[in-house]
Amino acid sequence: MTVIATESLSKRFPRVTALDRLTLDIGPGVTGLVGANGAGKSTMIKILLGLSPATEGTAAVLGLDVATSGGEIRERVGYMPEHDCLPPDVSATEFVVHMARMSGLPPAAARERTADTLRHVGLYEERYRPIGGYSTGMKQRVKLAQALVHDPQLVFLDEPTNGLDPVGRDEMLDLIRRVHTDFGISVLVTSHLLGELERTCDHVVVIDGGKLLRSSSTTDFTQSTTTLAIEVTDSDEHPDGTAALRAALHTRGVTTHDDGGGLPGAGHIFLLDAADETAYDLVRDTVADLGLGLVRMEQRRHHIAEVFRSQDEQRPEQVSERAAARAATAATAEQTGGDKR
Ligand SMILES: Nc1ncnc2c1ncn2[C@@H]1O[C@H](COP(=O)(O)OP(=O)(O)OP(=O)(O)O)[C@@H](O)[C@H]1O
């Protein structure tokens with residue numbers, strides 16, 4: 001089943017091509033639309049909502065043509081805009097009830113749905129306080145609630161983690177995942193951070209400068225590697241268990257590497273290439289011979305940003321330097337919990 005389909009979709013402004021012949025076929029579930037600032041994410045959402053006409057090409061949302069059925073699409077789709085657009089003097093309840101009424105719900109149903117939705121996004125206790133006194137995270141939740149209150153089939157969430165600290169981002173990403181798992185609502189969520197989408201999304205679409213770089217399931221992006229990450233305990237006999245194990249493996253002909261991948265506890269973790277299962281047995285036996293405890297032996301998965309770095313190395317003519325630099329910037333920003341502004 002297709003939820004969003006575009007065919008050679010383009011949007012040209014006088015000075016810039018915001019979308020350049022984008023062809024996509026997106027199914028149900030949680031889909032991430034990722035790209036740096038100015039990549040064309042918000043423009044795409046506005047076209048899909050039927051709010052802004054495409055210059056060329058076609059697009060359909062839930063089987064409805066965006067050029068002719070904008071009203072019907074907006075009845076069935078929720079939209080969380082990127083920028084702060086909330087009235088400061090009213091409470092979350094008043095605002096969300098108002099938005100529910102605008103969507104056509106009768107007064108009693110609007111109040112009931114508002115209470116349910118605010119509970120779902122974790123704002124139930126605060127629902128009668130004026131929005132002006134809310135934190136950024138609470139405001140993002142109000143924006144999410146108003147997008148969900150009319151029980152849409154699909155929601156567009158434009159940069160919902162913007163301005164949030166790492167804990168707030170994790171909570172928002174969990175909430176987004178639950179929008180799909182608890183209510184069966186499909187989600188299109190945009191982000192400029194490649195890495196945060198791999199935990200949340202079933203499918204990821206990457207655009208750069210309005211062009212499609214890749215559209216794949218998240219598991220295709222993050223296939224397992226043949227690299228093993230190993231972590232062991234220290235012992236009285238081997239106060240640096242990691243060094244002892246690496247030396248022992250070295251004498252048995254196995255080359256190990258430092259972990260450069262930012263796994264938790266990096267420094268105590270090292271990597272080795274495991275071409276086949278004998279490597280697992282060798283590590284297990286060597287750890288046992290040394291009398292150490294094995295904390296972790298796991299196959300590493302690719303991170304999405306790494307995929308772009310390696311694509312750039314392999315196919316420089318197809319993936320622009322600018323795209324790789326942006327991917328790297330996004331990955332760095334994410335590691336430091338940074339925000340784009
Ligand atoms: N109404 C407009 N008139 C002219 N140019 C526009 C207009 N809207 C967007 N653009 C340009 O189109 C390009 C894509 O913008 P868009 O807002 O879709 O990017 P984005 O990926 O959502 O980035 P951001 O997260 O910064 O909003 C940018 O170069 C932007 O300056």
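Since the structure is predicted, the reported quantities are computational estimates derived from the model, not experimental observations. (Residues numbered from 1 in each chain as written. Predicted model: local features only at pLDDT ≥ 70, side-chain atom pairs only at ≥ 80, totals over all residues. Heavy atoms only, no water.)

1. Re the environment of serine 135
Working step 1: Considering the arrangement of structural elements, one finds serine 135 in the loop between helix 4 (107-120) and helix 5 (136-148).
Working step 2: Sequence separation between serine 135 and leucine 164 is 29 residues; the distance between their C-alpha atoms is 9.6 Å. (Helix = DSSP H or I, 4+ residues; strand = E, 2+ residues; numbered from the N terminus.)

2. Thoughts on the packing of helix 3 (residues 92-102) against helix 4
Working step 1: Relative orientation of the contacting elements helix 3 and helix 4 amounts to 125 degrees, with a least axis distance of 9 Å. Comparing their axes, helix 4 and helix 3 come out oblique. With respect to the hand of their crossing, helix 3 and helix 4 are arranged in right-handed fashion. Contacts between helix 3 and helix 4 involve Ala92, Thr93, Val96, Val97, Ala100 and Arg101 on the former and, on the latter, Pro107, Ala110, Arg111, Thr114 and Leu118.
Working step 2: Taken together, the residues that form the contact of helix 3 with helix 4 break down as 7 nonpolar, 2 polar and 2 charged. (Axes fitted to C-alpha atoms, helices over the stretch in contact; angles between N-to-C directions. Parallel < 35°, antiparallel > 145°, perpendicular 65-115°, else oblique. Left-handed = near helix turned anticlockwise from the far one by under 90°. Contact = heavy atoms within 4.5 Å. Nonpolar A, V, L, I, M, F, W, Y, C, P; charged D, E, K, R; others polar.)

3. A closer look at helix 1 (residues 41-48)
Working step 1: Of all 8 residues that make up helix 1, 6 are buried, and the element is covered over most of its length.
Working step 2: When helix 1 is considered as a whole, its buried residues turn out to be Lys41, Thr43, Met44, Ile45, Ile47 and Leu48.
Working step 3: Within two residues after helix 1, glycine 50 carries a phi angle of roughly 75 degrees, on the positive side. (Buried < 20%, exposed > 50% of the residue type's maximum accessible area, 1.4 Å probe, protein only.)

4. Comments concerning the nonpolar core
Working step 1: Among the nonpolar cores identified, the biggest contains 39 residues, and Val142, Leu144, Val155, Leu157, Val187 and Val189 are the most heavily contacted of them.
Working step 2: The element best represented in this core is helix 5, accounting for 6 residues.
Working step 3: In this view, valine 189 contacts Val30, Thr31, Gly32, Leu33, Leu157, Pro160, Ile176, Leu197 and Cys201; residues no more than four positions away in its chain are not counted.
Working step 4: In terms of nonpolar packing, the next biggest core, distinct from the first, is built from 26 residues, Ile4, Leu19, Leu49 and Leu188 among them. (Core = buried A, V, L, I, M, F, W, Y, C linked by side-chain atoms within 4.5 Å.)

Geometric descriptors of this kind do not, in isolation, establish any biological role.
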